[in-house]
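The residues making up each chain are set out below.
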Amino acid sequence: MMRDKTMYLLAMLVGVAILAAIIGDYIVAGIETQTTGEAVDVSAEVMTLVQTALGGVIGILGGYFGSKGNKDKED
């Protein structure tokens, strides 16, 4: 039971960190656009980081709950 809560907490914290990175990147791009007067694109590196982080968390959670489901079926 405690492991489930830990996994949910991990997923939520990574989700919050991903949202903070995305929102922060858009805010920085907006500020730079207003300062320079030229359109500034959102950083591709941040989007790559988000994709990698999401893939990793989905893999970890899928592996954990998938193995837990198989263990429950065996019992």
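In what follows, the accompanying structure is described.

Basis of the calculations
- Residues numbered from 1 in each chain as written.
- Predicted model: local features only at pLDDT ≥ 70, side-chain atom pairs only at ≥ 80, totals over all residues.
- Heavy atoms only, no water.
- Helix = DSSP H or I, 4+ residues; strand = E, 2+ residues; numbered from the N terminus.
- Contact = heavy atoms within 4.5 Å.
- Phe/Tyr/Trp six-rings, centres within 6.5 Å; stacked < 30°, edge-to-face > 60°.

Let us now look at the environment of A11. Among the structural elements, A11 can be located in helix α1 (residues 2-36). The spatial distance from the C-alpha of A11 to the C-alpha of L61 is 7.8 Å, given a sequence separation of 50 residues. Ignoring any residue separated from it by four or fewer positions in sequence, one finds A11 in contact with V57 and L61.

Let us now look at the packing of aromatic side chains. The geometry of an aromatic ring pair is captured by the separation of the ring centres together with the interplanar angle, meaning the angle of the planes. Inspection of the entire model under this criterion finds two aromatic pairs. For the ring pair Y64 and F65, a centre distance of 4.9 Å and an interplane angle of 80° mean the geometry is edge-to-face. Site record: aromatic cluster; members linked through ring pairs are Y8, Y64 and F65.

What is shown is where atoms sit, not what they do.
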